[in-house]
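# Per-entry structural report
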Amino acid sequence: MYKVPGLADAIGVTSVMKNLDKSALAFARARESGEYAFDHMGSLLPLYAEGDRKAFVDLVKGAASRKWGAAADLGTAVHNIFERLLLGEKIGTVHPDHQGFLQQAEKFIDEFDVQPIHVEKTAWNTRLNYAGTADLFAKVAGETIVLDLKTGASGIFPETALQLCAYANGEFLVEPDGTRIELPQVEGAAALSLRPDHFSVIPCRIDEEVFAVFEHLVGVSQWQRGLSRSVLGPAVQAPNK
């Protein structure tokens, strides 16, 4: 939940997006566990021989969480570098794992003539009671857009358009202390797929049809967080005859 002074608590855009079907993740986690077991059989066999079932199972089942957790940490670090670049800060020495991302981010900013308007600001919609922090509102190649940075090797997924559409349809931006800022008139949206050796700018639709889908997801969130708890009454007894 997003909480700022003077506004009712709002559900986060990321939480709303969790209502999308993610069943494919279960298969991905299972595959990651299988690949880990195959690649690390040498270290797993002693656990099997010792009968240490818990340690064996914990190592295999946690493979995806460890790998994806490391990727999330990398993404957080790259987002921080990107934010500092946009704010005009001088970037000194960075970790070798981040150097390629830094170079590609600088290349994107230069080639697309990126002129930041708001960096890491929270868009708020009181009508639907949601909020979310957008990576960037900026003039990019002369057009005012809202942009989201993605660092994953899998590229950009369609739900990114829903996320950006939610930001574009905020009523205003808000600071942590509750100060409101006018939300720019957004003309378009894009996702920046940033990798250590290349980047791609992917345009995203943020029209009424896309926003209608996001509105439905907000309704599902409201059902799960509140309405679903009040629709069942206590068991009733058969009337006496």
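Now for a description of the structure that goes with this document. As the structure is a prediction and not an experimental result, all values here were calculated from the model.

The rules we used
Residues numbered from 1 in each chain as written. Predicted model: local features only at pLDDT ≥ 70, side-chain atom pairs only at ≥ 80, totals over all residues. Heavy atoms only, no water. Core = buried A, V, L, I, M, F, W, Y, C linked by side-chain atoms within 4.5 Å. Buried < 20%, exposed > 50% of the residue type's maximum accessible area, 1.4 Å probe, protein only. Helix = DSSP H or I, 4+ residues; strand = E, 2+ residues; numbered from the N terminus. Contact = heavy atoms within 4.5 Å. Salt bridge = Lys/Arg side-chain N within 4 Å of Asp/Glu carboxyl O.

### Topic: the nonpolar core
- Residues V13, Y130, F137, V146, Y167 and F214 are the most contacted members of the largest nonpolar core, which totals 29 residues.
- Elements that contribute at least two residues to this core include exactly α1 (13–17), β3 (130–140), α7 (159–168), β7 (188–194) and α8 (208–225).
- When residues of this core are assigned to their parent elements, the largest contribution, seven residues, is made by α7.
- Once residues within four sequence positions are removed from consideration, F137 is found in contact with P116, I117, H118, I145, V146, Y167, L173, L183, P184 and V186.
- If you look at the next biggest cluster of nonpolar residues, it comprises 24 residues, including F82, L102, L149 and L192.

### Overview of the pattern of salt bridges
- If you walk through the whole model with that rule in mind, you get nine salt bridges.
- Ionic pairing is found between D148 and K150, a salt bridge with its closest N-O pair at 2.9 Å.
- With relative accessibility at 3%, the residue D148 sits in the buried group.
- A relative accessible area of 23% means that K150 is categorised as partly exposed.
- Here R205 makes a salt bridge to E209, at a shortest N to O gap of 2.9 Å.
- Overall, the relative accessible area of 46% leaves R205 in the partly exposed class.

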